[in-house]
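What the coordinates show
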Amino acid sequence: MKDGGRPAEKAFVRTVQGDIPPRLLGRTSCHDHLVVKRVDGVELPDRFVIDDYEKSALELERFKSYGGGCVLDAQPFGAGRDAEMLACLSRTTGVHIVASTGVHKCFFYRDDFWSYRASTEELAALFVSEIQEGAYAYDGGLPLLRRSDVRAGVIKTATGKDGLDDYYKKVFRAAAIAHRRTGAPVLTHTELSAFGVQQARFLIGHGVRPSSIIISHMDRIIDTAANVELAGLGVYLDYDTIARTGYHSDEEEIRHIRTMVDEGFGDRIVLGMDSTRDRLASYGGSPGLGYLMTGFPEKLKENGVCQRTVDRMLVENPHTALAFKPGEDYGD
Ligand SMILES: [Zn+2]
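All figures in this text were calculated on a predicted structure; none of them were measured in a lab. (Residues numbered from 1 in each chain as written. Predicted model: local features only at pLDDT ≥ 70, side-chain atom pairs only at ≥ 80, totals over all residues. Heavy atoms only, no water.)

Quick look at the pattern of salt bridges
Counting across every chain of the model gives 20 salt bridges. For Arg81, the salt bridge goes to Glu130, with nearest N and O atoms at 2.7 Å. With a gap of 49 residues between them, Arg81 in the loop between β4 (68–73) and α2 (83–93) and Glu130 in helix α4 (residues 120–132) connect regions that are remote in the sequence. Accessibility assignment for this pair places Arg81 and Glu130 in one class, buried. Note that Arg110 is salt-bridged to Asp112, the shortest N-O span being 3.1 Å. Judged by its relative accessible area of 27%, Arg110 is partly exposed. Within the structure, one salt-bridge network assembled from shared partners comprises Arg220, Asp240, Arg244 and Asp274. (Salt bridge = Lys/Arg side-chain N within 4 Å of Asp/Glu carboxyl O. Helix = DSSP H or I, 4+ residues; strand = E, 2+ residues; numbered from the N terminus. Buried < 20%, exposed > 50% of the residue type's maximum accessible area, 1.4 Å probe, protein only.)

Structure below.
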């Protein structure tokens, strides 16, 4: 009890269908892509485009049949996100989906994209409004005219190969402001695992709670020392280079996870597949999202990672990482 006897509000996760207690999410992919549409004026490689409703629904049905409960869709504002399609997918399949606000790396935008001109405060106001009121609807390009009633549940940010330059610092400052105003978690993209520690320190320095920070792709180019330093900051590391043999084998992925678990960081790891079309079975790819729920956990266990730790990475850690945690001070 605080604030003169007012009971502390309970933690919740903001899904595309509404707010739910974290424990109802079930087994969760913390970084994936269910919908990425083309944006006018942006040359997106075909393998990035995930825009067939029936196929995405089929992928989710399979994910669910293998025990999947929730997917975080990591495509943010203006980058081909379609929050209304995500809400439809969630309703028809029964899989929980968390949608992203925030902005992605420059690769996903036209050179004249609004975020380059916007102030920190304007960016923060956009992120807050997408979390509290609803995400802007997909319209194929700019300007983004219509707000949907589907609310975002995470703030996505990114850095490119040069780390936090002036532009990305502006975006990260805005993400931190939006976190402090709403309690929404922050999910970052790292380019080939670089600058994860820099990202986390910057966000923490700007008032983001470490347990609300998820740093993605820290297993692309494996640097154990950087991973250990990052985990020591109390943030979550998202390992999503699973079944991506262009980077390394799953055996190497599992060795890395074992190392981190043995170092005592099993409570700081979340998992995802960061899918492109190449890995979504319903789009003709392999092995499909269900692999994260069955094949990969089995391989982890065969290689000495216990069930308890697997459950932490797929269930308990995502539940904490994705939770809005009211009752703590979010005054800005
Ligand atoms: Zn991604």
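Observations concerning the sheet that holds β4
Taking strand neighbours across the sheet as the criterion, the three strands line up as β3-β4-β5 in an open arrangement whose pairing is parallel. With one partner strand each, in any of the chains shown, β3 (27–32) and β5 (96–98) form the two edges of the open sheet. Each strand axis lies, on average, 20° off the axis of its neighbour in the sheet, ignoring direction. Here four bridges tie β3 to β4, and the two strands are oriented parallel to one another. Note on β4: the bridge partner recorded for Ser29 is Val71. (Pairing = 2+ DSSP bridges. Axes fitted to C-alpha atoms, helices over the stretch in contact; angles between N-to-C directions.)

Examining the sheet that holds strand β10 (residues 236–239)
The strand order across the open sheet built from six strands is β6-β7-β8-β9-β10-β11, with neighbouring strands paired in parallel fashion. Every other strand in the sheet has two partners, leaving β6 (100–102) and β11 (269–271) as the edge strands with one partner each. With direction set aside, neighbouring strand axes in the sheet form an average angle of 30°. Inspection of the sheet shows strand β9 (residues 213–216) paired to β10 by three bridges, in the parallel sense.

A closer look at the coordination of the zinc ion
The coordination sphere of the zinc ion contains the protein donors His31 (NE2), His33 (NE2) and Asp274 (OD), at a distance range of 2.1 to 2.2 Å. Mapped onto the polypeptide sequence, the residues donating to the zinc ion form the spacing pattern H-x1-H-x240-D. Judged by relative accessible area, which is 7%, His33 ranks as buried. (Donors = N, O, S within 2.8 Å, 3.2 Å for Na, K, Ca; no water.)

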